[in-house]
Amino acid sequence: MALINPKKREVQVKIVYYGPGRGGKTTNLEYINRKFKKRILNEMVTVKTYGDRTLFFDFLPFDIGEIKGHSIKIQLYTVPGQVKYNATRRLVLRGVDGIVFVADSMDLRREMNIRSLQNLKENLESFNKNISTIPLVMQYNKRDLADEGIPILSVESMEKDLNSRLKAPYFSASAIRGDNVAATMKKIIALTVSSLRKKLE
Amino acid sequence: MEFTVDFTKEQIEAIEEVLQQELIDLGVQSVILMDLAGNVIVNLDSGESDHDVFSLAALAAGNYGAVSAMANIIGEQEFSLLFHKGEEESIHFSKVADDLLLLTIFNKNVSLGFLRLKVAEGIKRIQKVI
């Protein structure tokens, strides 16, 4: 849960970008880092392994101003998507307040998306959190691939696979172009912060 | 398990006082009390350093988790001394409670032995406050 510092009147909110490997989680954060450079005081931290894959996590902190007299510090994290790094994903999920699930629209990745979402559900349960109640936004990434003739899943079929029960807000996006990256982020921040409002009163 | 570390203003002030007396006054550059989710709870410094404490805390939480997992693999509960030595500055990690870590950043003017002693004293005092 978010950490509230009553002395500094400051709230630290942890938002995690989750999803299958090579789905574009890091690309989301990189775009946000470029686009909102002026509001981001610190460098984006990224722990990569050989071949540019996320080994540990990426971390991007920034301030979004004040709510109910508290300054809100948003901390965006990504998890490593590769299946073998589940221990690391669980570490990063610790204390999470809101989640963006970045699904890969490529036809070939359908199964990977479903498995990753199941893995998220299980990992949340290990922290006594419920995927149906935690603030969650779905992002169907890589829509731009259609322009290159690469077969992609329809939004309807992705909704059916991933979101038919959860009914989370969703966005079609292209993280590499920046389409709907900011919209996804704004939505998850709004949902997460509103879930904290009660606590700030 | 759910993860809640909530402190009152009075508790934070008491912790700050301990860290100031035991560590900053000793010559330590910077101390960060943080939770294992990577949140910064208290941060004090001597005024000479300008570190990005939020990134440090995020990485330290990950690092601590990774090192604990390594300890488990070789049959240890945890490693009691976690310390990274640099040419000029070093970082010392210490567990305060189940979910709390104390990070101390210090330079060559402070000896590791003395620092460990003061950290241990500070932690004892903090445990009485929380």
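Coordinates for the structure precede this section.
Now for a quick tour of the structure.

**Brief notes about the overall build of chain A**
(1) Moving on: For chain A, the count of helices and strands is 5 helices and 8 strands.
(2) Moving on: From first element to last, N terminus to C terminus, chain A shows the α and β order β-β-α-β-β-β-α-β-α-β-α-β-α.
(3) Moving on: The C-alpha atoms of chain A give a radius of gyration of 16 Å, which matches the 17 Å a tight globule of 201 residues would have.
(4) Moving on: Seen through its C-alpha atoms, chain A measures out along the principal axes to roughly 55 × 35 × 30 Å.
(5) Moving on: The buried share of chain A, reckoned over its 201 residues, is 46%.
(6) Moving on: Looking at chain A alone, contacts between residues at least 24 apart form 72% of all its contacts between residues at least 6 apart.

**Brief notes about helix α2 (residues 53-73) of chain B**
All names here are of chain B.
(1) Moving on: Here α2 contains 21 residues, and its C-alpha end-to-end distance of 30 Å stays within 8% of the 30 Å for a straight helix at 1.5 Å per residue.
(2) Moving on: All of the buried residues in α2 are Val 53, Phe 54, Leu 56, Ala 57, Ala 58, Ala 60, Ala 61, Gly 62, Asn 63 and Tyr 64.
(3) Moving on: In the segment just after α2, Gly 75 is the residue with positive phi, at about 90°.

**Things to note about the packing of helix α2 (residues 86-93) of chain A against helix α3 (residues 110-126) of chain A**
All names here are of chain A.
(1) Moving on: Interhelical geometry of α2 versus α3 gives an angle of 55° and a closest axis separation of 10 Å. By the angle class used here, α2 and α3 are oblique. You can see that α2 and α3 cross each other, and the crossing is right-handed. Across the interface between the two elements, Asn 86, Arg 89, Arg 90 and Leu 93 of α2 pack against Asn 119, Asn 123, Leu 124 and Ser 126 of α3.
(2) Moving on: By residue class, the composition of the contact of α2 with α3 is 2 nonpolar, 4 polar and 2 charged.

**Comments concerning the environment of A:Pro80**
All names here are of chain A.
(1) Moving on: By secondary structure assignment, the location of Pro 80 is in the loop between β5 (70-78) and α2.
(2) Moving on: Along the sequence, Pro 80 and Phe 57 sit 23 residues apart, while their C-alpha atoms lie 6.0 Å from each other.
(3) Moving on: Not counting residues up to four positions away in its chain, the partners in contact with Pro 80 are Thr 54, Leu 55, Phe 56, Phe 57, Tyr 85, Thr 88 and Arg 89.

**Digging into the interface of chain A and chain B**
(1) Moving on: On the chain B side, the residues contacting the 21 residues of chain A number 24 residues.
(2) Moving on: Of all elements in the fold, only β1 (3-5), β2 (10-18), β4 (54-67) and α2 of chain A reach the threshold of two or more residues within the side of chain A that touches chain B.
(3) Moving on: With 4 residues, β4(A) is the largest single contributor of residues to the side of chain A that touches chain B.
(4) Moving on: Broken down by class, the residue content of the side of chain A that touches chain B amounts to 12 nonpolar, 6 polar and 3 charged.

**Let's talk about the environment of A:Asp144**
Residues and elements named next belong to chain A.
(1) Moving on: You can see Asp 144 is positioned in the loop between β7 (136-141) and α4 (155-162).
(2) Moving on: Under the C-beta neighbour-count criterion, Asp 144 is labelled partly exposed, with 16 such atoms within 10 Å.
(3) Moving on: Between the alpha carbons of Asp 144 and Ser 105 there is a distance of 9.3 Å; along the sequence they are 39 residues apart.
(4) Moving on: In this structure, Asp 144 is in contact with Ser 174, Ile 176 and Arg 177, ignoring residues within four places of it in sequence.

**Digging into the sheet that holds strand β5 (residues 100-107) of chain B**
To summarise the sheet geometry, strands pair through backbone hydrogen bonds and adopt either a parallel or an antiparallel arrangement.
Residues and elements named next belong to chain B.
(1) Moving on: An order of β2-β1-β5-β4-β3 is seen for the 5 strands of this open sheet, with the pairing classed as antiparallel. Two strands in the sheet have a free side with no partner beyond their single neighbour: β2 (40-45) and β3 (82-85). Averaged over all neighbouring strand pairs, the angle between strand axes comes to 15°, with direction disregarded.
(2) Moving on: As paired elements, strand β1 (residues 30-35) and β5 share 6 bridges and run antiparallel to each other. Bridge assignment links Asp 35 to a residue of β5, and that residue is Leu 100.
(3) Moving on: Contacting β1, β2 and β5, helix α1 (residues 9-24) runs over the sheet at an angle of about 40° to β2.
(4) Moving on: Across the face of the sheet, α2 comes into contact with β1, β2, β3, β4 (89-97) and β5 while running at roughly 60° to β1.

**Re the pairing of β5(A)**
All names here are of chain A.
(1) Moving on: When you tally the buried positions in β5, you get 7 out of 9 residues, the bulk of the element.
(2) Moving on: Across 8 bridges, the pairing between β2 and β5 is parallel. Paired with Val 13 across the two strands is Ile 74, which belongs to β5.
(3) Moving on: In the sheet, β4 pairs with β5 via 7 bridges, with the strands oriented antiparallel.

**Notes on the nonpolar core**
(1) Moving on: Within the largest apolar cluster, 83 residues are counted, with the highest numbers of intra-cluster contacts made by A:Val16, A:Phe101, B:Ile32, B:Leu33, B:Met34, B:Ala57 and B:Leu103.
(2) Moving on: The dominant element in this core, judged by the number of residues it contributes, is α2(B), at 8 residues.
(3) Moving on: With near-sequence residues (within four places) excluded, B:Leu33 lies in contact with B:Ile15, B:Ile41, B:Val42, B:Val96, B:Leu100 and B:Leu102.

**Side note on the environment of A:Val96**
(1) Moving on: Here A:Val96 is to be found in the loop between α2 and β6 (98-104).
(2) Moving on: Sequence-wise, A:Val96 and A:Ile134 are 38 residues apart; in three dimensions their C-alpha atoms are separated by 9.0 Å.

**Structural notes on α1(B)**
All names here are of chain B.
(1) Moving on: Taken together, the buried positions of α1 are occupied by Ile 15, Val 18, Leu 19, Glu 22 and Leu 23. Burial along α1 is one-sided: seen end-on, the buried residues are contained in an arc of 95°. Exposed residues pointing more than 90 degrees away from the buried face of α1 are listed as Lys 9 and Glu 10.
(2) Moving on: Those residues of α1 that are buried lie in contact with β1, β2, β5 and α3 (112-129).

So, how was this worked out
Residues numbered from 1 in each chain as written. Chains lettered and ligands numbered in written order. Predicted model: local features only at pLDDT ≥ 70, side-chain atom pairs only at ≥ 80, totals over all residues. Helix = DSSP H or I, 4+ residues; strand = E, 2+ residues; numbered from the N terminus. Rg over C-alpha atoms; globule rule 2.2 N^0.38 Å. Buried ≥ 20, exposed ≤ 12 C-beta atoms within 10 Å, placed from the backbone. Contact = placed C-beta atoms within 7 Å. Expected span 1.5 Å × (residues − 1). Axes fitted to C-alpha atoms, helices over the stretch in contact; angles between N-to-C directions. Parallel < 35°, antiparallel > 145°, perpendicular 65-115°, else oblique. Left-handed = near helix turned anticlockwise from the far one by under 90°. Nonpolar A, V, L, I, M, F, W, Y, C, P; charged D, E, K, R; others polar. Pairing = 2+ DSSP bridges. Core = buried A, V, L, I, M, F, W, Y, C linked by C-beta atoms within 7 Å. Arc of directions from axis to C-beta.

That is the geometry; function is a separate question.
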